[in-house]
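Notes for the structure review
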Amino acid sequence: MNIIERVENGITVFVLEGRIDTEGAVDMELALQAAVAEGKHNMVLEMGEVRYIGSAGLRTLADVLTKNRAQGGDLKLANVNHKVLRILRIIGFDKFFSIHKTLEAALADYGRR
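In this text, all values refer to a predicted model and were calculated from it rather than measured experimentally.

The tally for this structure, following the rule as stated, stands at nine salt bridges. Residue Lys40 pairs with Glu38 through a salt bridge whose shortest N-O separation is 2.9 Å. By relative accessible area, Lys40 is classed as partly exposed at 24%. Across the pair Lys76 and Asp109 runs a salt bridge, and its minimum N-O distance is 2.8 Å. Note that Lys76 is positioned in strand β4 (residues 74–78) and Asp109 in helix α4 (residues 103–111), a separation of 33 residues in sequence. Pair check on accessibility: Lys76 and Asp109 agree, each one buried. Each of Arg69, Asp74, Lys76 and Asp109 takes part in a single network of salt bridges with overlapping partners.

What follows covers the pairing of strand β1 (residues 2–8). It is a general feature of regular strands that their side chains alternate between the two faces of the sheet. Pairing between β1 and strand β2 (residues 11–20): seven bridges, direction antiparallel. The residue of β2 that forms the bridge with Ile4 is Val15. Linking β1 to β2, which pair antiparallel, is a turn of two residues; within it Asn9 sits at a positive phi near 55°.

Before going further, it helps to examine the packing of helix α1 (residues 22–37) against helix α2 (residues 55–70). Two elements in contact, α1 and α2, have axes separated by 9 Å at closest approach and are oriented at 10°. One finds that α1 runs roughly parallel with respect to α2. For the pair formed by α1 and α2, the contact residues are Ala25, Met28, Glu29, Leu32, Gln33 and Val36 on the first element and Ala56, Gly57, Thr60, Leu61, Asp63, Val64, Lys67 and Asn68 on the second. Looking at the contact of α1 with α2 residue by residue, the classes come out as seven nonpolar, four polar and three charged.

We now examine the packing of aromatic side chains. For the coordinates displayed, the defined rule picks out one aromatic pair. Measuring from ring centre to ring centre gives 5.4 Å for Phe93 and Phe97, while their planes differ by 25°; the resulting arrangement is stacked. By relative accessible area, which is 14% here, Phe93 ends up buried. Across the ring face of Tyr110, the terminal group of Lys76 is positioned such that the distance to the ring centre comes to 4.7 Å.

Glancing now at the sheet that holds β4. Consider a sheet: its strands pair through backbone hydrogen bonds, and that pairing is either parallel or antiparallel. Pairing in this open sheet of five strands is mixed, and the strands run β1-β2-β3-β4-β5 from one edge to the other. The sheet is open, and its two borders are formed by β1 and β5 (98–100), each paired with just one other strand. Averaged over all neighbouring strand pairs, the angle between strand axes comes to 25°, with direction disregarded. One ladder, built from five bridges, connects strand β3 (residues 42–53) with β4; its direction is parallel. In the sheet register, Met43 faces β4, and the bridge partner there is Leu75.

Thresholds, definitions, all that
- Per chain, the residues get numbers from 1 upward, laid out in the order the sequence is written.
- Reporting in this predicted model follows two pLDDT cut-offs: at least 70 for local features of residues, and 80 or more for side-chain atom pairs to be given and counted; totals over whole chains, interfaces and linings ignore these cut-offs and use all residues.
- Where side-chain values are given, they derive from all heavy atoms of the structure, hydrogens and water being excluded.
- Note on definitions: salt bridges are taken to be side-chain nitrogens of Lys or Arg within 4 Å of carboxyl oxygens of Asp or Glu.
- Each residue is assigned to one of three classes by its accessible area relative to the maximum for its type, calculated with a 1.4 Å probe on protein chains only: buried under 20%, partly exposed between the two thresholds, exposed over 50%.
- Secondary structure elements are taken from DSSP: a helix is a run of H or I of four residues or more, a strand is a run of E of two residues or more, and numbering for both begins at the N terminus.
- Note on pairing: two strands pair once DSSP finds at least 2 bridges between them.
- Note on geometry: axes are lines fitted to C-alpha atoms, helical ones only across the stretch in contact, with angles between N-to-C directions running from 0 to 180 degrees.
- An angle counts as roughly parallel when it lies under 35 degrees, as roughly antiparallel when it exceeds 145, as roughly perpendicular when it falls between 65 and 115, and as oblique in every other case.
- The criterion used for residue contact is that any of the two residues' heavy atoms lie within 4.5 Å.
- Charged means Asp, Glu, Lys or Arg here, nonpolar means Ala, Val, Leu, Ile, Met, Phe, Trp, Tyr, Cys or Pro, and polar covers whatever is left, Gly included.
- The aromatic pairing rule takes the rings of Phe, Tyr and Trp, using the six-membered ring of Trp, and pairs them if the centres are within 6.5 Å, calling planes under 30 degrees apart stacked, those over 60 edge-to-face and the rest tilted.
- Consider the ring centre and the ring normal. A charge sits over the ring if Lys NZ or Arg CZ is within 6 Å of that centre and within 35 degrees of that normal.

Here it is in structure tokens:
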């Protein structure tokens, strides 16, 4: 799993590439939890190149979303691959996460709060 972190308009953006299987979930969790520990509670995950997400990755998403919202922040998903989006919808994550077609739309959504 490749993870690139950058900041755009004060929002922490993670560009994810690869599979969020057991090993990829560990990498993602380390990156996201480090950001949370640094006080970065407004995040967007750009997931256009993520082809698979397993239960460990889903658990990490839910955990980081909960921590960010407890601090007045959020975790938004952008450009989610259709296979991954199908999984998120089947398990009901689309009811908890703000999912956007583009990174730009996800970033703009922070300005609407």
